[in-house]
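Architecture and fold: a report
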Amino acid sequence: MAAEVVKNEEHLNLKITGKSHVKPNKKIGKKECQLVSFDLPYLAFYYNQKLLFYKGDAFEGMVKKLKDGLSVVLEDFYQLAGKLGKDEEGVFRVEYDDDMAGVEVIEAVADEIEVASLIVPESNTTLKQLVPYTGIFNLEGMHRPLLAVQLTQLKDGLVIGCAFNHAVLDGTSTWHFMSSWSEICRGAPSTSTLPFLERTKARKTRVKLDLTLSSGPHPTSNVDAEPKLEPPLREKIFRFSESAIQKIKSTINGNPPSDGSKPFSTFQALSVHIWRHVSHARNLKSEDYTVFTVFADCRKRVDPPMPDAYFGNLIQTIFTVTTTGLLLTHPPQFGASLIQKAIEGHNAKAIDERNKKWETTPKIYEFKDAGVNSVVVGSSPRFRVYDVDFGWGKPKNVRSGSNNKFDGMIYLYPGKNGGNNIDVELTLEVGAMGRLEQDKEFLMEVN
């Protein structure tokens, strides 16, 4: 979890007005679904938090529509109304029963502040009050709901703050659920694209993990070690326009590699642009190593491929590393080639080998286990986050909560105005962020 953000903030004067639980609208019965090797490494991550900001003035009606729609969409996404558990052999699974409480829904009021005051580029600790389960590990899903939602009334709108258990689903499944929930609220009689719930089709290996809440989520950590003081961080969204993205991409593809590799994608071009400028802003020595990491969707990489509607985690981290000197003294094509080769090399065979290695010696990752001087990319501009319309218009802003953020963490989102605009939500150490903000080559046409 990120350290306290250094920034003055407006006081929300937020009041919790109610708590309830929402269950599927019909009886589901008892259901059990084994967590697989793609899910298990994330038990010691924090709940994944998303915030969506909407304009509107009929809060009570909006809340009723959201809760009614949630009860319908949970008929298909019932796993989110369940809890984590273990079978008789100690293998983690998602458990659902009609007697369980369901999704936690918190209602709150902060009606002295407007939407516009909360959707500025720089994040602050105020946002932590708008989303539940800050600092809560996924492992706690054994005793907590796997999804918690906070609905906060503002002076001229509504904030939907969601906390998803990251051991149960990845970004693709998160936004599949959000899109399905919103279409039900807009009047659809049922979910148009049903979730594919058979996780063991992607991986059948059963892995026993000796983890309990009493032993803590980090059983291999040295409890006698001195706690490491984390540097203060800042979180900020840099908005790259379509023309800026095109300029970055065309510049890097203007001098293609001589090895015959294909042109660099938008993602690869933007990623190396960020990697290079963040490394420069960190004032690293030329001999210092720096790691680029991306959480890659493996639905079409595994053999056999899984459907887009596969519900769960079907991601793996892809790493590449070099020295700062090589990254910054070579043209950007050098770093882009490293990223491109790492991504293209992560095929079904590589995924299988990674899983077999992990299954032999399981390791429960912390989100910060991404490498030294790392730049880590999660989320994707392909997620249609601004299409999540519950019936009162598209969100005015979408952003992540403070969970799972550390120095170098990036979430990519599409720009809210459509096209090929991309929002880069970046967390950096305070000094490096200050230097990056003054880097005109990095900023280009960023607002």
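Residues numbered from 1 in each chain as written. Predicted model: local features only at pLDDT ≥ 70, side-chain atom pairs only at ≥ 80, totals over all residues. Heavy atoms only, no water.

Focus on the nonpolar core
Counting 73 residues, the largest nonpolar core has Leu 43, Phe 177, Met 178, Trp 181 and Phe 390 as its most contacted members. Elements that contribute at least two residues to this core include exactly strand E3 (48–55), helix H1 (59–73), strand E5 (92–96), strand E6 (103–110), strand E7 (147–154), strand E8 (157–164), helix H2 (171–185) and strand E14 (409–414). Core analysis: the second largest hydrophobic core is formed by 36 residues, Leu 327, Val 424, Ala 432 and Phe 442 among them. (Core = buried A, V, L, I, M, F, W, Y, C linked by side-chain atoms within 4.5 Å. Buried < 20%, exposed > 50% of the residue type's maximum accessible area, 1.4 Å probe, protein only. Helix = DSSP H or I, 4+ residues; strand = E, 2+ residues; numbered from the N terminus.)

Some remarks on helix H6 (residues 332–344)
With 13 residues, H6 ought to run about 18 Å at 1.5 Å a step, and its terminal C-alpha atoms sit 18 Å apart, in line with that. All of the buried residues along H6 are Gln 333, Gly 335, Ala 336, Ser 337, Ile 339, Gln 340, Ala 342 and Ile 343. Check the buried side of H6 and you find it contacts helix H3 (242–253), helix H4 (266–281), strand E10 (289–297), strand E11 (315–323) and helix H5 (324–329). (Expected span 1.5 Å × (residues − 1). Contact = heavy atoms within 4.5 Å.)

Some points on the packing of H4 against H6
Relative to each other, H4 and H6 sit at 125°, their axes nearing to 9 Å. Here H6 runs oblique to H4, going by the angle between their axes. For H4 against H6, the interelement crossing comes out right-handed. Residues Phe 267, Gln 268, Ser 271, Val 272, Trp 275 and Arg 276 of H4 lie in contact with H6, whose contacting residues are Pro 332, Gly 335, Ala 336, Leu 338, Ile 339, Gln 340 and Ile 343. Among the residues making up the contact of H4 with H6, the classes are represented as eight nonpolar, four polar and one charged. (Axes fitted to C-alpha atoms, helices over the stretch in contact; angles between N-to-C directions. Parallel < 35°, antiparallel > 145°, perpendicular 65-115°, else oblique. Left-handed = near helix turned anticlockwise from the far one by under 90°. Nonpolar A, V, L, I, M, F, W, Y, C, P; charged D, E, K, R; others polar.)

Section: the environment of Pro 332
Topologically, Pro 332 is positioned in helix H6. Considering only alpha carbons, one finds Pro 332 and Leu 426, 94 residues apart in sequence, at a separation of 20 Å. Discounting chain neighbours no more than four positions away, the residues touching Pro 332 are Ile 252, Val 272 and Arg 276.

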